[in-house]
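# Summary of the model geometry
Here are the chains, one letter per residue:
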Amino acid sequence: MSLQRVLAAVSQVQSPALPGLNTLRAAVERVQARWPDVVADPPERDRERLVAEMMARLQDERWAGLTMQLATSAARATFDPIRRNRPDLVPLRTFYCAETRVSTSATFLAAMLSVYMDSYMPGAPHTHALSVALKEARLRMGARGTDLITRIPALLDPASAPEAIAALMVEMGDVWEGLKAIGLRTPHAPGLMDHAHLAYVRRLQPDLGRRADIDRLFAWLKPDQQLPRTSGAGEAITALLSPWLSGDPSKDDVAHITQTLVGFYGDPRVNPGGVWAGVPQTQRDVILRWLTGKDIRFFLDVVSQVEDSHMWEPRRTFWLGLYEQKRIDAAWVAFSRSGVELARRSLPRRDGVHTQSYGTQSAGGGRSNTSLLILKVGSKIVVEGSHSYKVHIFSAAHPAAPKLYQPTYDCEAIRLLPGSEARPHLSGWQGWVEERI
């Protein structure tokens, strides 16, 4: 068949007499507030069926009963990451680009602009083909598409559009609202905005030693009333932590950065996957170092309130001194029931979620109030405890040595483990610990 005949047939389908078009227009009006997502993403279970139906219609020149919703939903599926490079779908991709070049339907062109943006990959063949087609159709686009391209002249550039958007982002006080104001109604959308996000992070990175720019990045990663951005979050965290590879900001900034990142993406010690998997170990070590100091201070603050003992100030001086000397590699806290209650009252929250993780100490009886601080110090595991609990030191290589970051610990079971050395907090205990670590 000739392309001209296909386009003529589809033009008839797109006429005002198209069956179901009024329904489609009503649906478009309902979702205009979310534009450019003119057509909702079809669920994955339906995508192959939609693509197969459009391919069959194209091959058979069978356009009767075709709705705009089917055509545009299938377009999304055709250009999604799973299908946009499939050789068997070349005819369908070619068809969509050809129809975009000649279509007079503002609805269809708005949908194809959305497909272009959501599937955008700099320099990719499908992005280049959609860019060429949309440029030819530019004068026939509706008001929203025309306005967006006017505000972002490089929007249809298959290579430089992300940098153009990032250049606008760095000038915005509130990036989320600023992007929505220029017509990008879903600023955390995939495709083009994924690459604009990365370009924005690159532009912002040289200034991420400053609190104001740190907060600009945080406000972009999680705007008010929105879920945290996950795509590109690893790169953003990497940029945020890179200034501190060899030194630390103020204690207030350490607390702010740590609480915010853990509030957004969870504790990297407990949940090392997800966005944290995209952070290089060198940068991840920065926040692990901060979390170690935070856990030591947290433990000392809580247990000194739970247990009224003159011994806690010397312990604070000793353990924090080792931390400041960079001799403590990692720390984890396991609170007793009373410690948990106090910790919950004192911990900061972000969106209703505590921004610090800890375990629990489960032994009962006379040890029900004991809280533990588990430390990795070089080749040793050190277990400190409240309520006259002895300091226990294990070789980290010993199979019985307690592991860090566990949800629960039994201090009595730890006391009875083989392979440890233990000492009460009597005169000279600090020197005894230092000799063994």
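Let me begin by describing the structure that accompanies this report. Just so it is clear, the model here is predicted, and its values are computed rather than measured.

What follows covers the environment of Ala401. Checked against the element boundaries, Ala401 lands in the loop between β7 (391-395) and β8 (408-409). For Ala401, a relative accessible area of 8% translates into the label buried. In this structure, the C-alpha to C-alpha distance between Ala401 and Gly419, residues 18 residues apart in sequence, is 7.8 Å.

Here we take up the pattern of salt bridges. Throughout the structure, instances matching the rule amount to 31 salt bridges. One salt bridge connects Glu163 with Arg202, and the closest N-O pair in it is separated by 3.1 Å. Here Arg202 lies in helix α11 (residues 192-204) and Glu163 lies in helix α9 (residues 161-169), a separation of 39 residues in the sequence. Classification of Glu163 as partly exposed rests on a relative accessible area of 31%. The structure contains a network of salt bridges with shared partners spanning Asp41, Glu44, Arg47, Glu48, Arg76, Asp80, Arg83, Arg86, Asp88 and Asp118.

This part is about the nonpolar core. Counting residues in hydrophobic clusters, the biggest one holds 80 residues, and the most contacted among them are Tyr96, Ile165, Leu179 and Leu261. Tyr96 has contacts with Met54, Ala71, Ala74, Ala75, Thr78, Phe79, Phe108 and Met112, leaving out every residue within four places of it along the chain. Among the nonpolar cores identified, the runner-up in size contains 30 residues, and Ala331, Val340, Ala343 and Tyr358 belong to it.

Judged by how many residues are buried, strand β1 (residues 330-335) sits mostly within the fold: six of six residues are covered. Burial along β1 is two-sided: Ala330, Trp332 and Ala334 facing one way and Ala331, Val333 and Phe335 facing the other are all buried. With five bridges joining them, β1 and strand β5 (residues 372-377) adopt antiparallel strand pairing. Paired with Trp332 across the strands is Ile374, a residue of β5. Pairing between β1 and strand β4 (residues 359-361): two bridges, direction parallel. Across the sheet, the residue bridging to Ala334 is Gly359, located in β4.

Here is what the cut-offs are and how they apply
Residues numbered from 1 in each chain as written. Predicted model: local features only at pLDDT ≥ 70, side-chain atom pairs only at ≥ 80, totals over all residues. Heavy atoms only, no water. Helix = DSSP H or I, 4+ residues; strand = E, 2+ residues; numbered from the N terminus. Buried < 20%, exposed > 50% of the residue type's maximum accessible area, 1.4 Å probe, protein only. Salt bridge = Lys/Arg side-chain N within 4 Å of Asp/Glu carboxyl O. Core = buried A, V, L, I, M, F, W, Y, C linked by side-chain atoms within 4.5 Å. Contact = heavy atoms within 4.5 Å. Pairing = 2+ DSSP bridges.

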